[in-house]
Protein chains: 2
Amino acid sequence: MVTIDDVAKAAGVSRATTSYALRGDPRIAPGTADKVRHAAARLHYTANLSARSLRSGRNGVIGVAIYELDRAYPSEMSAAMSREIARRGCQTIVQQTANSKEGEIAILQKITSQLCDGMIFSPGNVGDAELKYLSHGKPMVLLDDSSTAPVFDSVDTPCEEGAAQAIRHLAGVGCRDIVVIGPDYRLLDDEFARNGVEGRRLAGCISALEDVGMRVMPDMFVHTTWDAGSARRRAHELVRSGRRFDGAFCLTDTVAMGFIRGLADCGARVPDDVAVVGFDGVAEGASFVPSLTTISVDLEDLARKAIDLLMRRMCEDAGHPLPPRRVVAGYQLVERESTKRG
Amino acid sequence: MVTIDDVAKAAGVSRATTSYALRGDPRIAPGTADKVRHAAARLHYTANLSARSLRSGRNGVIGVAIYELDRAYPSEMSAAMSREIARRGCQTIVQQTANSKEGEIAILQKITSQLCDGMIFSPGNVGDAELKYLSHGKPMVLLDDSSTAPVFDSVDTPCEEGAAQAIRHLAGVGCRDIVVIGPDYRLLDDEFARNGVEGRRLAGCISALEDVGMRVMPDMFVHTTWDAGSARRRAHELVRSGRRFDGAFCLTDTVAMGFIRGLADCGARVPDDVAVVGFDGVAEGASFVPSLTTISVDLEDLARKAIDLLMRRMCEDAGHPLPPRRVVAGYQLVERESTKRG
DNA sequence: TTGAAAGCGCTACCAT
DNA sequence: ATGGTAGCGCTTTCAA
């Protein structure tokens, strides 16, 4: 293991000078700095991150803790974060929180907050107060925070607007009987859940349905977990039940593809019999048959905004903490075959 | 920040005793250990990983460095690794190597090897010799290593066997004109490339084609990058060229779905006109229309074998290194609609 | 069975 | 402009 002392010796300067030179401190003379850099390169020196971290409390690593790594949307999001962080000259480590026997709490406390200068976290069931001490005082930006009185910065997906636009689009292509696949209608009764992703998308639907003059009925909302298999079964049940519908807004793309697949199983054609819109804009929607119309979240924008918030927080004066800020990611309705009629 | 000294003071013992007690060292008396654990819990103490790592060189974290996080196969694989590692009581950090301006080398050297006790790495263009020093001497298991004279342990996807079975399956459902979408036929000339994933799958195809009595012709192999968009365009070109074919084996599921999508664009029906088999077994293949027949790699098995190799290496006696071992992951042909005829 | 103390590699303060 | 050095929090050797 080659240490900073080896480099210092090779360059004929002190350890302190080596440290400064390697980090580009301006007070080191250009000639000296060059000598040091050469020695470091020759010896293949890399600073020991643990030591640096222990000493200075910073190591240039940003953590992204995400629920599931094997679903399209979160993994595309992690990749976007990773790119954006690299653009700022930092490194990313990604953690999957779902599978740990100790859960997301342990991961945050034991790993993410320790190995990183800051983190992006998608909160599941941990409250703000708990997050505060799990974060070890390090900056954290949440994704789709449901808190009514936010403590952390957060970047949200454009739930209300996106859902509303999806409904208007369906109405626009002539749908008269719209169903919404995903949300539990009863969740509107719960103040906390109403603030979450599902609640906000549901709210967007309801307001848009009213806008386009459709009567909002509980049986328009078909509850399902957000995976393709469940959505597919819901489609089977819905068709078998005899309920008529000519448009479906699905709360995620994965749900939409499962639902379309289920309709195909029953011989219902998309878009001719039923027009379908998803939400997320995952890559696979483009090669699906039929290709999927979707509310496509601008992940580059989401990542940029999240990292902006995080960097701002990392630079803040500890004595004068900034109030928590909340921003919404951009999005775009991408029209494809699943709603293309006539 | 609560340190081990705070816990020691609270428990009324020394720092050393606290350290031993917290890690369950048997030489500490049960009563003392209990006292210490209580104090630690009361203070919400968590050991500082950087300090632990700096001092002992171990921290219970395993790194997974993967090329792209936003494609189905690598992200499902990372998730499987993450689960398997959790099962052994360790933590996982995942890194995407593709987007760093410094590249996979820098990531390995600067992050993965530093923050982890061991790593799983999917090598791109880095040679064994270079990997050796980038690994900081820490154990590393490669995924689909192409080396002719391996230096590291490696777990491989069942390329030859899987590809061969795919071809036999196509022949079995009556295909007489098979095309293979993905590989560059000329790559057989290159000894290194021949050892890679593409080369081995290609080799499997060729041997199976001969087995089933088909003449192997270069124009059966359609070169494409492994993404849905390119595969889709290849389908367009192939249909337009007038070449006849009634079966296609695609080197990955993503390629297969793009190719099927391209066939659909041209009005060719799957499986009636063309039967299609993919490779990987990604989740989305099940809800694709038509659902995708595929050589499904057993990711749980792959992860288990990889972590077994890594753990073995982490326990080895440094004086007597074990020779590199190479194992192959299990797989299964999953028959679905894309090859279901009659 | 427990405690004292050295030191992992680095950064940052202070001195020169 | 450069160097000496304390010390981040922990583990581990050695002594008691």
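Residues numbered from 1 in each chain as written. Chains lettered and ligands numbered in written order. Predicted model: local features only at pLDDT ≥ 70, side-chain atom pairs only at ≥ 80, totals over all residues. Heavy atoms only, no water.

- As named in an unreviewed UniProt entry, chain A is Periplasmic binding protein-like domain-containing protein, taken from Bifidobacterium ramosum.

**Quick look at the overall build of chain A**
- When its secondary structure is counted, chain A shows 13 helices and twelve strands.
- Over its C-alpha atoms, taken along the principal directions, chain A stretches across nearly 85 × 40 × 35 Å.
- Sorting the 342 residues of chain A into buried and exposed places 55% on the buried side.
- Considering only residue pairs separated by 6 or more positions, chain A has 67% of its internal contacts joining residues 24 or more positions apart.
- When the accessible surface of chain A is summed, it comes to about 14,300 Å², and 50% of that surface belongs to carbon and sulfur atoms.
- Looking at chain A, you have 42 positive and 45 negative side-chain charges, and the mean spots of the two groups are 6 Å apart. (Helix = DSSP H or I, 4+ residues; strand = E, 2+ residues; numbered from the N terminus. Buried < 20%, exposed > 50% of the residue type's maximum accessible area, 1.4 Å probe, protein only. Contact = heavy atoms within 4.5 Å. Areas by Shrake-Rupley, 256 points an atom, 1.4 Å probe, with all protein chains shown as cover. Lys, Arg positive; Asp, Glu negative; His and termini not counted. Charge placed at Lys NZ, Arg CZ, Asp CG, Glu CD.)

**Structural notes on the sheet that holds strand E8 (residues 247-250) of chain A**
Residues and elements named next belong to chain A.
- A sheet is described by the order of its strands in space; here six strands give the open sequence E7-E6-E8-E9-E10-E12, paired in mixed fashion. The open sheet has two free edges, formed respectively by strand E7 (221-223) and strand E12 (331-334), since each of these has just one partner strand. Across the sheet, the mean angle separating the axes of adjacent strands is 15° when strand polarity is ignored.
- On top of the sheet, helix H8 (residues 159-172) reaches strand E6 (178-182), E8, strand E9 (275-280), strand E10 (293-297) and E12; it is set at about 165° to E9, its chief contact. (Pairing = 2+ DSSP bridges. Axes fitted to C-alpha atoms, helices over the stretch in contact; angles between N-to-C directions.)

**Overview of the protein's contact with DNA strand D**
- Around DNA strand D sit 27 residues, and of these Thr17 of chain A together with Ile4, Arg15, Tyr20 and Tyr45 of chain B come closest.
- Ser19 of chain B is positioned with one of its side-chain polar atoms (N or O) 2.8 Å from a phosphate oxygen of DNA strand D.
- For the surface near DNA strand D, the secondary structure elements donating two or more residues are helix H2 (15-22) and helix H4 (49-56) of chain A together with helix H2 (15-22) and helix H4 (49-56) of chain B.
- Of the residues belonging to the surface near DNA strand D, the class tally is twelve nonpolar, seven polar and eight charged. (Near = heavy atom within 4 Å. Polar contact = N/O pair within 3.5 Å; in protein donor to acceptor, adjacent residues only side chain to side chain. Nonpolar A, V, L, I, M, F, W, Y, C, P; charged D, E, K, R; others polar.)

**Some words on the interface of chain B and chain A**
- Each partner contributes to the interface: chain B provides 51 residues, whereas chain A provides 52 residues.
- Summing both partners gives a buried area of about 4,500 Å² for chain B against chain A, and 55% of it is carried by carbon and sulfur.
- The largest share of the area that chain B buries against chain A comes from Gln91, Arg261 and Val289 of chain B, three residues that together contribute 14% of it.
- The interface formed by chain B and chain A contains four salt bridges.
- The salt bridge involving Asp70 of chain B is made with Arg83 of chain A; its shortest N-O contact spans 3.6 Å.
- Connecting chain B to chain A are 15 residue pairs in polar contact (both at pLDDT 80 or more).
- Among the secondary structure elements, those contributing two or more residues to the side of chain B that touches chain A are H4, helix H5 (72-87), strand E2 (91-96), helix H6 (103-115), helix H11 (228-241) and helix H12 (253-265) of chain B.
- Here the side of chain B that touches chain A gets seven residues from one element, more than from any other, and that element is H5 of chain B.
- Each residue belonging to the side of chain B that touches chain A can be placed in one class, and the counts come to 21 nonpolar, 20 polar and ten charged. (Buried area = accessible area lost by both parts, 1.4 Å probe. Salt bridge = Lys/Arg side-chain N within 4 Å of Asp/Glu carboxyl O.)

**Regarding helix H3 (residues 30-42) of chain B**
Residues and elements named next belong to chain B.
- The end-to-end C-alpha distance of H3 is 18 Å, a good match for the 18 Å that 13 residues give at a rise of 1.5 Å each.
- For H3, the secondary structure elements touched by its buried residues are helix H1 (4-11) and H2.
- With its phi angle positive at about 55°, His44 sits one or two positions after the end of H3. (Expected span 1.5 Å × (residues − 1).)

**Quick look at the protein's contact with DNA strand C**
- Around DNA strand C, the surrounding shell holds 27 residues, and the nearest of these are Ile4, Arg15, Tyr45 and Arg55 of chain A together with Thr32 of chain B.
- The sugar-phosphate portion of DNA strand C accounts for 59% of its atoms within 4 Å of the protein, the bases making up the rest.
- Tyr20 of chain A places a polar side-chain atom, nitrogen or oxygen, 2.6 Å from a base nitrogen of DNA strand C.
- The contact in question runs from a phosphate oxygen of DNA strand C to an N or O atom on the side chain of Thr17 of chain B, over 2.5 Å.
- The set of elements that each furnish at least two residues to the surface near DNA strand C consists of H2 and H4 of chain A together with H2 and H4 of chain B.

**Some thoughts on the packing of aromatic side chains**
- Per the counting criterion, the structure on display carries seven aromatic pairs over all chains.
- Ring centres of Phe249 of chain B and Phe279 of chain B lie 6.4 Å apart, and the angle between their planes is 50°; on these two criteria the pair is classed as tilted. Within this pair, whereas Phe249 of chain B is found in strand E8 (residues 247-250), its partner Phe279 of chain B is found in strand E9 (residues 275-280), the two being separated by 30 residues in sequence.
- Judged by relative accessible area, which is 0%, Phe249 of chain B ranks as buried.
- Above the plane of the ring of Phe279 of chain A lies Arg201 of chain A, whose end atom (NZ or CZ) is 3.7 Å from the centre. (Phe/Tyr/Trp six-rings, centres within 6.5 Å; stacked < 30°, edge-to-face > 60°. Lys NZ or Arg CZ within 6 Å of the ring centre and 35° of its normal.)

**Structural notes on the domain arrangement of chain A**
All names here are of chain A.
- For chain A, the assigned domains are domain 1 (4-156 + 299-328) and domain 2 (159-298 + 333-339).
- Here domain 1 and domain 2 have C-alpha centroids that lie 37 Å from each other.
- Facing the 15 residues of domain 1 at the interface are 16 residues of domain 2.
- Carbon and sulfur atoms supply 49% of the area that domain 1 and domain 2 bury against each other, a total of about 1,200 Å² over both sides.
- Taken together, the connections running from domain 1 to domain 2 amount to two salt bridges. (Domains from an automatic or database assignment.)

**Observations concerning the relation of the copies chain B and chain A**
- In the superposition of chain B on chain A (RMSD 0.3 Å, axial shift 0.2 Å), the rotation amounts to 180°. On this basis, the relationship between the two copies can be described by a two-fold rotation axis.
- A share of 100% of interface residues in chain B that are also interface residues in chain A marks the association as one of identical surfaces. (Least-squares fit on C-alpha atoms with pLDDT ≥ 70 in both.)

**Focus: the UniProt feature "domain: HTH lacI-type" (unreviewed entry) in chain A**
- Here, the residues flagged by UniProt with the feature "domain: HTH lacI-type" (unreviewed entry) are residues 2-56 of chain A.
- In this annotation, residues 2-56 of chain A is assigned 67% helix and 0% strand; the end-to-end C-alpha distance for the span is 20 Å. (UniProt positions renumbered as here; feature names shortened; annotations may be inferred.)

**Notes on the pattern of salt bridges**
- Throughout the structure, instances matching the rule amount to 51 salt bridges over all chains.
- One network of salt bridges, in which partners are shared, links Arg83, Glu84, Arg87, Arg88, Glu300 and Asp308 of chain A together with Asp70 of chain B.

**Observations concerning the sheet that holds strand E12 (residues 331-334) of chain B**
All names here are of chain B.
- Read from one edge of the open sheet, six strands run E7-E6-E8-E9-E10-E12, paired in mixed fashion. Two strands in the sheet have a free side with no partner beyond their single neighbour: strand E7 (221-223) and E12. Geometrically, the sheet is characterised by an average inter-axis angle of 15° between neighbouring strands, direction not taken into account.
- In this structure, E8 lies alongside E9, joined through three bridges in parallel fashion. Looking at E9, one finds that Phe249 is bridged to Val277.
- Against the sheet, H12 touches strand E6 (178-182), E8, E9 and strand E10 (293-297), its axis set at about 155° to E9.

**Notes on the nonpolar core**
- Residues Phe249, Phe259 and Val276 of chain A together with Phe249, Phe259 and Val276 of chain B are the most contacted members of the largest nonpolar core, which totals 151 residues.
- Not counting the four nearest positions on each side in its chain, Phe249 of chain B is found in contact with Ala163, Ala166, Ile167, Leu170, Val179, Val180, Ile181, Cys205, Val277, Gly278 and Phe279 of chain B.
- Within the second largest apolar cluster, twelve residues are counted, among which are Leu49 of chain A together with Ile93, Ile111 and Leu115 of chain B. (Core = buried A, V, L, I, M, F, W, Y, C linked by side-chain atoms within 4.5 Å.)

**Here we look at the state of the cysteines**
- The tally for this structure, following the rule as stated, stands at zero disulfides over all chains.
- Residue Cys116 of chain A stays outside any disulfide, its sulfur separated by 10 Å from that of Cys90 of chain A, the closest cysteine. (Disulfide = S-S within 2.5 Å.)

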